[in-house]
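Close look at the chain arrangement
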Amino acid sequence: MQGRVQEVLPDSRFRVTLDNGHSLICYSGGKMRKHRIRVLAGDKVSLEMSPYDLNKGRITFRHLEPRSQSGSLPVRRPAR
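Computed from a predicted model, the values in this text were never measured in an experiment.

Definitions and limits used
Residues numbered from 1 in each chain as written. Predicted model: local features only at pLDDT ≥ 70, side-chain atom pairs only at ≥ 80, totals over all residues. Heavy atoms only, no water. Helix = DSSP H or I, 4+ residues; strand = E, 2+ residues; numbered from the N terminus. Polar contact = N/O pair within 3.5 Å; in protein donor to acceptor, adjacent residues only side chain to side chain. Core = buried A, V, L, I, M, F, W, Y, C linked by side-chain atoms within 4.5 Å. Buried < 20%, exposed > 50% of the residue type's maximum accessible area, 1.4 Å probe, protein only. Contact = heavy atoms within 4.5 Å. Pairing = 2+ DSSP bridges. Axes fitted to C-alpha atoms, helices over the stretch in contact; angles between N-to-C directions.

Once that is clear, we can look at the side chain of Asp43. Among the secondary structure elements, Asp43 is positioned in the loop between helix H1 (30-34) and strand S4 (44-49). Within polar-contact distance, the side chain of Asp43 engages the backbone nitrogen of Leu40 at 2.8 Å.

Below is the structure:
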C-alpha cells in the first residue's frame, strides 16, 4: 500500500493517509530505524498493514521526490 505522511506523532509513530483516503497510525520498520532513515510530514511512503487491525501499519519504504534539474552543479572547494 502507498500513502502520504500527514503528521509526525510521539514515540516514532506517524499518521498516514492512504491513496484511497483511509487514515491509519504507522511506525517505521526495523531496517529504517537501523539505518536512521528519517520520515517527515508530507513524505510519500510504502507500508504494510496489519491483517488484524486495519488502523495500524508499518512503514517499509520512503519514496524520494525527484529533484529539480538546475543548470549548474555545486562547486567543490579544494581540500587543504
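On we go.
Judged by nonpolar contacts, Val5, Phe14, Val16, Leu18, Leu24, Cys26, Met32, Val39, Val45, Leu47 and Ile59 together constitute the single largest core of eleven residues. Among the elements of the structure, strand S2 (13-18), strand S3 (23-28) and S4 are those that each provide at least two residues to this core. By residue number, the principal contributor to this core is S2, which donates three residues. Those residues in contact with Ile59, other than ones at most four positions away along the chain, are Phe14, Val16, Cys26, Tyr27, Ser28, Gly29, Met32, Val39, Val45, Ser46 and Leu47.

By definition, the strands of a sheet pair up through backbone hydrogen bonds, in either a parallel or an antiparallel sense. Spatially, S1-S2-S3-S5-S4 is the arrangement adopted by the five strands of the closed barrel, whose pairing is mixed. Across the sheet, the mean angle from the axis of one strand to that of its neighbour is 55°, orientation sign disregarded. Across five bridges, the pairing between S2 and S3 is antiparallel. Within the sheet, the bridge partner assigned to Arg13 lies in S3 and is Tyr27.

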